[in-house]
Every structure is written in C-alpha cells, then in structure tokens.
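Next come the chains, spelled out residue by residue.
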Amino acid sequence: MNQALTIPKFTKRYGEVTESKAGGVTYTPRELADFVADQMLEIADLPKDRPLRVLDPAIGHGELLRSLLDRITGRVDVYGFETDVAALEVAKLRLAESYPHACLNLVEGSFLDHVLDDFSEGLFARGERYDLIIANPPYVRTQIIGAERAQELASQFGLTGRVDLYFAFLLGMARVLTPSGSAGIIVSNRFMTTRAGGTIREALARGLRLRSVFDLGDTKLFDAAVLPAVIVANGRRSVEAVAPARFTTIYEAKTKTGSQVADSAIAALEQSGVVGLPDGRNFEVQHGTLHIDTDPSGVWRLSSDSVSAWLDTVDANSWARFGDIGKVRVGVKTTADKIFIRRKWDDELELLRPLTTHKVARRFRADTSRERAQILYPHEVVNGRRAAVDLENFPASRAYLEAHREKLESRTYVIEGGRRWYEIWVPQNPDDWHGPKLVFRDICEQPTFWIDLDDTIVNGDCYWLKPKPGMADALWLALAVANSTFIEQFYDRRFNNKLYAGRRRFITQYVEQFPLPDPANALSREIIERTKVLYEHVAERNAATLEAELDGLVWQSFGLSAEDV
C-alpha cells in the first residue's frame, strides 16, 4: 500500500499555512450540494438488481452525501474517505441518524491511496466501482503539498506541470466510476483555463462522458475565495463519439437587471441573460456547449453558433498573434524586495536602474508623475550570456550588499541553483531591457497596457513583451488592440476566465494569443499613427475622445463593430 497522503503545514518559501488551507478545506453550501445531486441523478442509469454504491472521496461533514441520500430510496452502500478525524465523526453521526437505510463504510484515510493501489490492497480491498460519486475534493496547491508528494502524484496519474491535489482526485474518480454511473464534482474553475490544467482537461475528456459543466464564476457561494465549477459526467462506456457537453456560465454583470429575477445564483442558472438577485447583485447567465480545443493545453470555454462565427471572423482578419511579434515574459522577481527595491535610496549606488511596477500603470503610457522605484540590478551580459556582475567593479553596491549578506544568503534556493548569493532570483535577460517594450498589469478589470521607452526594468507584478527586430510598428498596433473593448470581448469569448468583480487575468498564455491585423494595410497604419498621438497626449483632456475613436478603428480592423456584441 502506498504511503498515506500527508500535507505539511509549511514549506521552505511559503511560511506558515493554516490548517484549513493545508487541507484544502472548503465545505459545501447545502443549496449547491442539492443542485449537484439533482444534476447527477438526472443522467444516471442506476442498477435495479442490487444496492447502489455511492462514494464521496472527501466527506467533510457529509453535506454532499446528505443531499444525495435525500433523493435515493431503497438500500444503498455508502463509501467515503476523510483525513480529518473530527470531521469524519461529525459525518458518521449525521448520516447514521438520518439515513438508516444506508450501510455506511466511512473510513479515516486518503481516497488517493485507495485508487493508487487499483483496489487490490485499498482501504476496502474489493476493487469494485461506484454508481454515484459526489465530491468537493480538497484544493491544495503544489507549494503546500510539497514538491516530493506532488511529483509522486504527477507520476502515478500521468500529470505534468504544476499539480494541484484535486487534479489527482478528478482522475481517481474517473478511474472508479461505473460506465453507467454518474459523478457530480465541485472544483475550482481554474483548471478549465490554465496551462497547468491542460493535462487534466485532456484526461477528463478521455476518461469520462462529460454531460454538463457549470462555471459558477464570482457567485461567492463559498466563504473562501474560490471560483467554483461543477462537472457532471457519466462513466466512459466506450470510445464512440459523444455529443458535446452543455456549458453554462454565470458572472456578475455591470448592466442593470431587466424583468428577470431569481431567489439565488443557483436558481438563476435556469434562466438566460441578465438576472437580478434579492441582494441587489446582477448576473449574466450564458448557455451553450463545451468547446474542447484540439490542443490539450487549450482552454475549456463556452461555444455557440454566434460565438463561433464571431471568432471565425476575427481569425479571418488576423495577420499574427502577439506571441509572433515577441515573447511575453513576467517581470523580475528578487525574492528579497526590501533589499533590492526602494523608492528612495540613501546612497547613489552604481547598479541602480529605474523600475516599472503596477503603481505607475496607466493605459498607453506610464504615469510618470508618480515617483518611480529603483532596483539594484546586479546582472549583465558577458559574451552573449547573462552573468552576475563582478562586485569588485562596483564598490558602493558591494558594500551595500555585503551589509545584507546574511539575509541574502538565507535564500538557499538561489545558491543551490548555482547562482551567486547577491543575484536576483528571476532577472530575465539584461540586454532585453533596452528599447521599446509593451508592459501590462496582470489582474485588472479593464486591460491596462502601455509602451515603455525609458529602458526600465519591469517588476514581477507586471508582464512585458519586447518586439523582435523589425516589429516596432507592430508593437504600437498591439498597444491599440490590447487596450480596446474588442480585446475584452475576445478574451471573454476565447478564454472564459474572469475573477471577482469582472476582473481578468492578463497572463502569458492568454496575451500571447491576442490577435493582430496586418500592420501593412491602410487601416492598421492609421491605428498605429493614432496610437502614437494618444501616447503623447494621454494625460490631456481630449484623450478620452482620441481613445474612443481608436477603439472603433480596432473593431473595424477585425471586420467587426462594437454594436455587433
């Protein structure tokens, strides 16, 4: 039998972690539990000649099982796993008292250990599959699981990249569901859109017959900062083609509600369009089918005839993607900002360089009225390769760094990585800081991209793109596209990934796929020239008018208009 799953309370670089976070504890609201139970029973083909076999792989207090058992009559064998002894005892008492027709097999331990043994020596040692699986698996990031355990799970489940604990739970449940059974699983919606989730998306599409996916967005159904999704699926009977799953999204809307109202966010899922709730919030509900990209790393998103036609028009009018004109990178990460980064330095050190952070962020051009921070940057290029500078050549900087040597040497991961004790953990290529570059914020409601012409170094709270040789004009064109209302619509239709309050994540895997019209055509030339004018006048009173006119031209360049949305 495999070693039982244990989750450390802290790791080297992430400090203390609360017990609930370490265990991925996020208990399920009853209304959501009832919704999941209804959805999975609607598609299940249950046996009539034997007791049902029901599984919850992470029981918690038993709320999901309660919702399911409320809807099942007749004998049922209930199986469950829980590593929290106190929570398990609560679940046992609640279920035994309320469901005498259920035979309870609830065990302290890890579901993953059971699955990894292929049931030959598992906790129940029976090797049988389950008719109904209902779950809210623990959400625990790689940094908290620990690298060794994450690598073990990745190897045993065929995962790649950054591993979240619930990835393994999802694959484990797919492995033990009967072909005619059904599963209802609550997960973080992140796995549908992140690059790290590509492996799990591909495996689920192959191992389950997906029937419905609900992206519950920023409904705030949980006390924790979780953006949940619900997967409803049957087991995989064979390899024959199946119809696309239904896909529903619900996100808070800026527009006011019309005549549609609902008692809750869950109840709103039965409607379409903008729906108002009693608490004053308005949500937009969209229904379509689940689009699964042929590329395993492609996102899961909503598809409909209108969305597909819209994206096809964009593709037909695209010359390239942002990733074709330059590589998108994250800014520098020092892992010792208090030493390397300051707004005011007591001394003039030789290695100080201007630093761009999110605090000077403004669309089109950085807000230089704010005091710019400086970074002590101990890197250079020697014979075409990045290297740490020789501190002997920079006596003032050397004295300053030596005064902080003990703290810097405590970053053992820097030294273990073969680096000098005074180096920045992620410095990027020193030569790339020179010349124009596109800089942008990570998380924001409205895209915030600007051109940097001051050779600044970009901090890790922003991303940046340096154009390839000969792509200078394409960079100005990219600036106009990136700040347009068009790109907001493209983002929502192509990536379907929003955070709370309508905020989006502008990270490498999305921005590198932003489209560009041909910079050589007449309309693009006009966009480029107008963007340069707006850059010069962005702080003036007429900037809003200039930006609105530019926005309309960007829509036209892709064969669309804002009124088409």
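- The name that an unreviewed UniProt entry assigns to the protein is site-specific DNA-methyltransferase (adenine-specific), with the source organism given as Sphingobium xenophagum.
- We quote the UniProt Catalytic activity (unreviewed entry) comment for the protein here in full: "a 2'-deoxyadenosine in DNA + S-adenosyl-L-methionine = an N(6)-methyl-2'-deoxyadenosine in DNA + S-adenosyl-L-homocysteine + H(+)".

Overview of the overall build of the protein
Thought 1: When helices and strands are tallied, the protein shows 21 helices and 28 strands.
Thought 2: Taking the intrachain contacts of the protein between residues at least 6 apart in sequence as the baseline, contacts between residues at least 24 apart amount to 73%.
Thought 3: Taken as a whole, the protein presents about 25,100 Å² of accessible surface, with 48% of it coming from carbon and sulfur.

Remarks on the environment of Asp45
Thought 1: Among the structural elements, Asp45 can be located in the loop between helix 2 (30–43) and strand 3 (52–56).
Thought 2: Overall, the relative accessible area of 43% leaves Asp45 in the partly exposed class.
Thought 3: Each C-alpha atom, one on Asp45 and one on Ser180, is 5.4 Å from the other, the two residues being 135 residues apart in sequence.

Some thoughts on the sheet that holds strand 16 (residues 341–342)
Thought 1: Pairing within the open sheet is mixed, and its four strands lie in the order 16-19-17-25. Strand pairing shows two members of the sheet lacking a second neighbour, strand 16 and strand 25 (457–458), which therefore form its edges.
Thought 2: In terms of strand pairing, strand 16 meets strand 19 (residues 374–376) through two bridges, oriented antiparallel. Bridging across to strand 19, Ile341 finds its partner in Ile375.

Comments concerning the side chain of Arg504
Thought 1: As for its position among the elements, Arg504 is in strand 27 (residues 504–505).
Thought 2: The class of Arg504 is buried, set by a relative accessible area of 6%.
Thought 3: A distance of 3.0 Å separates a polar atom in the side chain of Arg504 from a polar atom in the side chain of Asp492.
Thought 4: Filtering out sequence-adjacent residues up to four positions away, Arg504 remains in contact with Asp442, Ile443, Cys444, Glu445, Glu488, Tyr491, Asp492, Asn497 and Lys498.

Describing the pairing of strand 26 (residues 462–467)
If a strand is regular, its side chains alternate between the two faces of the sheet.
Thought 1: For strand 26, a buried count of six out of six residues is recorded, marking the element as mostly surrounded by other parts of the structure.
Thought 2: Residues Cys462, Trp464 and Lys466 point to one face of strand 26 and Tyr463, Leu465 and Pro467 to the other, with burial holding for every one of them.
Thought 3: Pairing of strand 15 (residues 326–330) with strand 26 involves five bridges; the strand directions are antiparallel. Opposite Val328, over in strand 26, you have Leu465 as the bridge partner.

A closer look at the environment of Lys344
Thought 1: Within the secondary structure layout, Lys344 lies in the loop between strand 16 and strand 17 (352–356).
Thought 2: In the structure, Lys344 is positioned 27 residues away from Glu371 in sequence and 9.2 Å away in space, judged by C-alpha atoms.

Considering the sheet that holds strand 15
Thought 1: Taken in spatial order, the five strands line up as 15-26-22-24-18 in an open sheet, and their pairing is mixed. At either end of the open sheet lies a strand with only one pairing partner, and these are strand 15 and strand 18 (364–365).
Thought 2: Of the pairings in the sheet, the one linking strand 18 to strand 24 (residues 449–452) comprises two bridges and is parallel in character. Bridging across to strand 24, Arg365 finds its partner in Ile451.

Looking at the nonpolar core
Thought 1: Among the nonpolar cores identified, the biggest contains 86 residues, and Phe191, Phe322, Phe486 and Phe514 are the most heavily contacted of them.
Thought 2: Setting aside anything within four residues of it in sequence, one finds Phe322 in contact with Leu438, Leu465, Ala478, Val481, Ala482, Val511, Glu512, Phe514, Pro515 and Leu516.
Thought 3: Counting 41 residues, the second largest nonpolar core, distinct from the first, contains Leu64, Val76, Leu95 and Leu277.

Details of the pairing of strand 24
Thought 1: Alternating positions in strand 24 separate into two faces, Phe449 and Ile451 on one and Trp450 and Asp452 on the other, with burial throughout.
Thought 2: Direction of pairing for strand 22 (residues 437–441) relative to strand 24: antiparallel, over a ladder of four bridges. Its bridge partner lying in strand 24, Phe440 is registered against Phe449.

Describing the packing of helix 20 (residues 522–537) against helix 21 (residues 543–557)
Thought 1: The interhelical angle for the contact between helix 20 and helix 21, taken along N-to-C directions, is 160 degrees, at an axis separation of 10 Å. One finds that helix 20 runs roughly antiparallel with respect to helix 21. Here the hand of the crossing between helix 20 and helix 21 comes out left-handed. On the side of helix 20, the interface is formed by Leu523, Glu526, Ile527, Arg530, Thr531, Leu534 and His537, while helix 21 contributes Ala543, Leu546, Glu547, Glu549, Leu550, Leu553, Val554, Gln556 and Ser557.

Some details on unusual backbone geometry
Thought 1: Its identity as a non-glycine residue notwithstanding, Phe364 has a phi of 80 degrees, on the positive side.
Thought 2: Within the secondary structure layout, Phe364 lies in strand 18.
Thought 3: According to the relative accessible area criterion, Phe364 is buried, its value standing at 2%.
Thought 4: Positive phi outside glycine occurs at Asn383, with the angle close to 55 degrees.
Thought 5: Within the secondary structure, Asn383 sits in the loop between strand 20 (379–382) and strand 21 (385–388).
Thought 6: Overall, Asn383 belongs to the exposed group, its relative accessible area being 78%.

Brief notes about the packing of helix 11 (residues 305–316) against helix 18 (residues 485–494)
Thought 1: Packing of helix 11 against helix 18 leaves a shortest axis separation of 11 Å and a crossing angle of 125 degrees. Classified by the angle between their axes, helix 11 and helix 18 sit oblique to one another. Considering only the axes of helix 11 and helix 18, their crossing is left-handed. Contact residues: Ser306, Val307, Trp310, Leu311 and Val314 in helix 11; Phe486, Gln489, Phe490, Arg493 and Arg494 in helix 18.
Thought 2: Taken together, the residues that form the contact of helix 11 with helix 18 break down as six nonpolar, two polar and two charged.

Regarding the pattern of salt bridges
Thought 1: Taken as a whole, this structure holds 30 salt bridges when the rule is applied.
Thought 2: One salt bridge in this structure joins Glu549 and Arg530, with 3.1 Å as the shortest N-O distance. In this pair, Glu549 sits in helix 21 while Arg530 sits in helix 20, placing the two residues 19 residues apart along the sequence.
Thought 3: One network of salt bridges, in which partners are shared, links Arg30, Asp34, Asp38, Glu63, Arg66, Asp70, Arg71 and Arg94.

About the thresholds
- Residues numbered from 1 in each chain as written.
- Predicted model: local features only at pLDDT ≥ 70, side-chain atom pairs only at ≥ 80, totals over all residues.
- Heavy atoms only, no water.
- UniProt positions renumbered as here; feature names shortened; annotations may be inferred.
- Helix = DSSP H or I, 4+ residues; strand = E, 2+ residues; numbered from the N terminus.
- Contact = heavy atoms within 4.5 Å.
- Areas by Shrake-Rupley, 256 points an atom, 1.4 Å probe, with all protein chains shown as cover.
- Buried < 20%, exposed > 50% of the residue type's maximum accessible area, 1.4 Å probe, protein only.
- Pairing = 2+ DSSP bridges.
- Polar contact = N/O pair within 3.5 Å; in protein donor to acceptor, adjacent residues only side chain to side chain.
- Core = buried A, V, L, I, M, F, W, Y, C linked by side-chain atoms within 4.5 Å.
- Axes fitted to C-alpha atoms, helices over the stretch in contact; angles between N-to-C directions.
- Parallel < 35°, antiparallel > 145°, perpendicular 65-115°, else oblique.
- Left-handed = near helix turned anticlockwise from the far one by under 90°.
- Nonpolar A, V, L, I, M, F, W, Y, C, P; charged D, E, K, R; others polar.
- Salt bridge = Lys/Arg side-chain N within 4 Å of Asp/Glu carboxyl O.

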